[in-house]
Amino acid sequence: MLDIRLLGSPQVTVDGVAVDVDTRKAIAMLAYLAIETSAERDTLAALFWADSPPDRARATLRRTLSALRGGVGEDAISADRNRVELTDAHTSDIDEFVAAIESTANHGHEPNDVCDRCIEPLTRAAGLYRGDFLGAFAVRDAPEFEDWARPVTESLRLRAGEVYQRLAMAHASVGDYSAAIDVAGSWVSLDELHEPAHRLLMLLNAWAGDRPGAIQAYRDCVAILDRELGVSPLEETTELFEAILDEDLPPAPGVRRRVKTVRSTRSPVTTEMIDRREEVEALGRSIEAARSRSQLCVITGDSWMGKTRLVEEVTDQARTSGFATVAGRAFRAETKLPYGVATQWLKQLTDVLDGTSLNLAPWVRQELARLDPKLAPGEVGSNSERFGQLRLREAFLELVRTTGSQRPLVMSIDDAQWIDSVSASLISYLQRRLDNTPALVVLAARQETSLHPAIREMVGTADTVLHLEPLQAADISSEYPNAEVASVIAATGGVPLLVREALESGSVAPDSASVTRYMETRRQRLSDLSRQVLAAAAVLNGMCDAPLLRDTSGRTDDEIVDAVEELISAGLLREESDGLLGFTLDVLETVTYESTSLIRRLLLHRRAADALQSRARSRSDARLASATARHLRAAGNDEAAEWYRLSGDLTRAIFANDEAVSAYETAIALGHPEVGSIRLALGELAMARGDYETAKRELRAAASQTTGPELAVVEHRIGDLNRILGRFELAEESFVRSRADHPNPADLYADWALLDHRTGDTDSAIAFALLALEAAGDADDEELLARALNILGVVTPDTEEAMAHIDNALEVADAHEPARMAALNSKAHLLADSGDPEAAIPLVVEAISIADKAGYRHHQAALLNHLADLNHQVGRQEEAQQSLTEAVTLFADIAAGDWEPEVWLLREW
């Protein structure tokens, strides 16, 4: 019997005796036949002797086959004039490897799941994989063979990785963590750059109780990625590491069961609070104080300390007291989805106003229509890149004030540690400006250090801060005088959920001493239908409503209703605002997701993406597009790159710049073909935040990958960047290259006028300012017109004429605050140069206020520098020094790369 070993260094034996095959091409041919079983003679000749004439190639093939059959036996290889094939008188390690894997398919579970019966065949498969297909074996002068062997090698390597993963999980499911860790180590060795292998090794060490080993596994991963690729681990890997540090792990694996639809008989879970009387009284005082002016209450504490229940308590109290209530919740998976919480608030605030929302000022409705088009169908505000976010914030503030003028408000956010950065900035902005609006803002989150910086800053100014600690014996002894209170506290750690479970069951300890294990126990009590629906909800995370849950789970409407009712009654899901469904505890979501098999997660993510794409506004709503992109990526779908690009465009349009950057970078990483246009967008975003070093890098990359009008815009941005950094000749060259194909000449000419003004060419500066004015008029764009008028005033030497242009700019700018800020600054310069610095000061103060609210740090620094000069001129030295210190601090944050003194000289724009 011929035995062929092809995994690792090739070995050939006949009846257990090693065979010395004549040539390397003969071994390669044997490997080819072992995989393909048979082949045409012409195919083999072309595969190994492509450079030889056909007659000579066939003659060489005959000699090689003759030598090969002489070595391995006539019975092993059958050949006629046209075809060569291996007979059944052979075995191969690859056939055995595949057969061992496929033998696990009849164990009564999903193909990628495991049971204790899987250990033996998977161990056999792992032992057969001695290395890559043919190992280091190579054949000279046969590139076609190498091309054929490459995908075979990769396919077998992937299957080996699946074997190691499943075998490690099988060992873990029976508690043999030592064996599981060894197998996971083999997976890491197979492909050191494969992060899922590193994550599994981290998890196994953590499950085994070896926390230092888990930490070392993460550090090894970081070192390998940095050394080989110069990159950091994926966010998923880092989040797992942080979960290990926080001891917030998914449950250890168990054996999967086939799904059967059986109704659960589990009784509903009660949610009454245990104690927390002092906190409830403090919330009552906050509600009363909010009748006259805005209040901020922050509730912090570890997971499962009762934060959510306190938020519900304050909402109930406020509603009873005549308040309108608005509730939002942040979700882990939505930290990158812009305005996630803000959108929840917006819908409920407009519901509170009901029909009177139509009485909002048109500009308010137009701006808010960016988030909810129903507020102003077809009337969305202009998509200005210059301080547009400020207008949106002001509109939201006006909405809250209008709502609060009708009824006092309680606006809450649960799980605020997951809040997206744009919503965090918006809420911080609102809180600072609500003043006498009768409104109570309630934020509930984990420890303060986990909060977004904008929210963390609010905590220091909060009117009420409640930090929840584990329950003590004294907290519950009055309610349960006959219970073994001390034993219950000792067994549960004072976690309210576990305390109640123990007290209600009459036992000292709850079902599990571990909170994670406890949550898994609760999940396992459900019917199989509900567990399936719960898995779909975990995949959907914060974007979960009943129709989406139906489409993702593949269940019927009636089944979804039954499952959701059971899940709500069991206290695992709760109904959120606007028809959303959310997990009552984020640990349950993690347990459910991690307990769902990989292949089913891929299927659910794919279904979720399909369902989201079918929604009417999926390509115009930033949150829907972002969620679709995330699901497509999780499903391993190639369409993810295009959806991340779309997500970047849409989030940028609503001024969620950080989220836009993340989406664009992901699109590039996933292989989006339009790299040049994406790099341009990244460069513009970097310029907007004053990160000029990043802007240089992105714009240079964009210039190498764009053509036509798009290249003209790139050249313009490069020129403007060089102007800001004082590289005037380079800026001029870029503007010249940009001019012929530029799609928006008014913008180009405006910057060109500033460049010539800075270099002292007044005539040219005026000429370009007039061209900008003409082009802006042709475009019928008020903001461009205001900017052109302002710049014309800046470059005009006659003071009276310049002042007239700038006053016109202020009149045209109206609600376009970026243009107004620039014109205020220009008018202040004219007044100061005319000898009236006192009159200039309030103009600069107003301009600083606009820059501060919008977060445009470079302009704010320049304005503070201007204010310092004005205060110095009028003799207010202390105020001048204070403004100068603030300006220097802001300038220091500007990433201009090497020392660029021109950055400090920003005066007009």
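What counts and what doesn't
- Every chain begins its residue count from 1, and numbering advances along the sequence as written.
- Only residues with pLDDT of at least 70 get local features here, since the model is predicted, and only at 80 or more are side-chain atom pairs given and counted; chain-wide, interface and lining totals rely on the full set of residues.
- As a rule here, side-chain values come from all non-hydrogen atoms in the structure, and water together with hydrogens is ignored.
- Angles here are taken between N-to-C directions and fall from 0 to 180 degrees, while the axes themselves are lines fitted to C-alpha atoms, restricted in helices to the stretch in contact.
- Secondary structure counts use DSSP, requiring at least four H or I residues in a row for a helix and at least two E residues in a row for a strand, with both numbered from the N terminus.
- In this scheme, roughly parallel covers angles under 35 degrees and roughly antiparallel covers those over 145, while 65 to 115 is roughly perpendicular and the rest are oblique.
- Each helix crossing is assigned a hand: it is left-handed if the near helix lies turned anticlockwise from the far helix by less than a right angle, otherwise right-handed if that turn is clockwise.
- Residues are treated as being in contact if the distance between any of their heavy atoms lies within 4.5 Å.
- Each residue is assigned to one of three groups, with Ala, Val, Leu, Ile, Met, Phe, Trp, Tyr, Cys and Pro labelled nonpolar, Asp, Glu, Lys and Arg labelled charged, and all others, Gly among them, labelled polar.
- Salt bridges are identified by distance alone: a Lys or Arg side-chain nitrogen within 4 Å of an Asp or Glu carboxyl oxygen.
- A simple rule labels every residue: compare its accessible area, found with a 1.4 Å probe on the protein chains alone, to the largest value its type can have, and call it buried under 20%, exposed over 50%, or partly exposed in between.
- Strand pairing is assigned whenever DSSP detects at least two bridges linking the two strands.
- Each Phe, Tyr or Trp ring, with Trp reduced to its six-membered ring, pairs with another whose centre is within 6.5 Å; inter-plane angles below 30 degrees give stacked pairs, above 60 give edge-to-face pairs, and intermediate values give tilted ones.
- Note on patches: the residues involved have over 30% relative accessible area and no salt bridge, like charges join within 9 Å, and the nonpolar side chains Val, Leu, Ile, Met, Phe, Trp and Tyr join within 5 Å.
- All accessibility values rest on the Shrake-Rupley procedure with a 1.4 Å probe; residue burial counts only the protein chains present in the view.
- Positive charge is attributed to Lys and Arg, negative charge to Asp and Glu, and no charge count is given to His or to the chain ends.
- To locate a charge, take atom NZ for lysine, CZ for arginine, CG for aspartate or CD for glutamate.

Looking now at the packing of helix α1 (residues 24-36) against helix α2 (residues 41-48). Between two packed helices, what matters for the description is the angle formed by their axes and the separation of those axes. Where α1 contacts α2, the axes come no closer than 11 Å and their chain directions differ by 130°. Comparing the axis directions of α1 and α2 gives the class oblique. Where α1 crosses over α2, the two elements pack in a sense that is right-handed. For the pair formed by α1 and α2, the contact residues are Lys25, Ala28, Met29 and Tyr32 on the first element and Thr43, Leu44, Leu47 and Phe48 on the second. In terms of residue class, the contact of α1 with α2 is made up of six nonpolar, one polar and one charged.

For the structure on display, the rule yields 41 salt bridges. The shortest N-O distance in the salt bridge between Asp751 and Arg723 comes to 4.0 Å. Of this pair, Asp751 sits in helix α34 (residues 745-758) while Arg723 sits in helix α32 (residues 708-724); the two residues are 28 residues apart in sequence, bridging distant segments of the chain. The class for Asp751 is buried, based on a relative accessible area of 2%. Salt-bridge contacts for Glu846 lead to Arg820; the nearest nitrogen and oxygen are separated by 3.0 Å. Of this pair, Glu846 sits in helix α39 (residues 837-854) while Arg820 sits in helix α38 (residues 817-833), and the two are 26 residues apart along the sequence. When its relative accessible area of 32% is taken as the criterion, Glu846 is described as partly exposed.

This part is about unusual backbone geometry. Comment: phi is negative for the bulk of residues other than glycine, and the bulk of peptide bonds are trans. With phi around 75°, Thr37 is a residue other than glycine that occupies positive phi space. Even without a glycine there, the phi angle at Tyr339 is positive, about 60°. When you line up the elements, Tyr339 lands in the loop between β9 (324-329) and α13 (340-353).

Once that is clear, we can look at the sheet that holds strand β11 (residues 439-445). Strand order across the open sheet formed by five strands is β9-β10-β11-β8-β12, with parallel pairing between neighbours. Looking at the sheet topology across the chains shown, the edges are occupied by β9 and β12 (464-468). Sheet twist, expressed as the mean angle between neighbouring strand axes with direction ignored, is 15°. In the sheet, strand β8 (residues 295-301) pairs with β11 via six bridges, with the strands oriented parallel. Bridging across to β11, Thr300 finds its partner in Ala445. Where helix α12 (residues 307-320) meets the sheet, it contacts β8, β9, β10 (409-414), β11 and β12, and its direction lies at approximately 165° from that of β11.

Turning our eyes to something else, we now look at the pairing of β10. β10 sits mainly inside the fold: six of its six residues count as buried. Of the two faces of β10, both are covered, the one formed by Leu409, Met411 and Ile413 as well as the one formed by Val410, Ser412 and Asp414. Summarising the sheet, β9 and β10 pair through six bridges and their orientation is parallel. Residue pairing across strands places Val326 opposite Met411, the latter belonging to β10.

To describe a pair of aromatic rings, one takes the distance between the centres and the angle between the planes. What the rule picks out here adds up to nine aromatic pairs. One aromatic cluster in this structure is built from Tyr32, Phe48, Trp49, Phe133, Phe145 and Trp148.

It is the contact of α38 with helix α40 (residues 857-873), at a shortest axis distance of 12 Å, that shows an interaxial angle of 25°. Comparing the axis directions of α38 and α40 gives the class roughly parallel. The crossing of α38 and α40 is left-handed. Note on element contacts: α40 touches α38 through His859, Leu863, His866, Leu870 and Gln873, opposite Met821, Asn825, Ala828, His829 and Ala832.

A few words now on the pairing of strand β6 (residues 83-86). Along β6, the buried face is formed by Val84 and Leu86; none of Arg83 and Glu85, which line the opposite face, is buried. Relative to β6, strand β4 (residues 38-40) is paired through three bridges, and the arrangement is antiparallel. Along β6, the bridge assignment pairs Ser38 with Glu85. Summarising the sheet, strand β5 (residues 77-79) and β6 pair through three bridges and their orientation is antiparallel. Bridging across to β6, Ile77 finds its partner in Leu86. The turn joining β5 and β6, which pair antiparallel and follow one another in sequence, is formed by three residues.

What follows is about the sheet that holds β5. Taken in spatial order, the three strands line up as β4-β6-β5 in an open sheet, and their pairing is antiparallel. The sheet is open, and its two borders are formed by β4 and β5, each paired with just one other strand. In this sheet, neighbouring strand axes are inclined to one another by 15° on average, regardless of whether the strands run parallel or antiparallel. Packing of α2 onto the sheet brings it into contact with β4, β5 and β6, and relative to β4 it is tilted by some 85°.

So, about a positive patch on the surface. Taken together, the side chains of Arg56, Arg62, Arg63 and Arg81 present a region of like positive charge at the surface. Relative to the elements of secondary structure, Arg62 occurs in helix α3 (residues 54-72). Residue Arg62 is classed as partly exposed on the basis of its relative accessible area of 48%.

This paragraph deals with a nonpolar patch on the surface. A surface patch of nonpolar side chains, about 240 Å² in accessible area, is lined by Leu193, Leu229 and Val231. With respect to the helices and strands, Leu193 occurs in the loop between α7 (177-190) and α8 (195-207).

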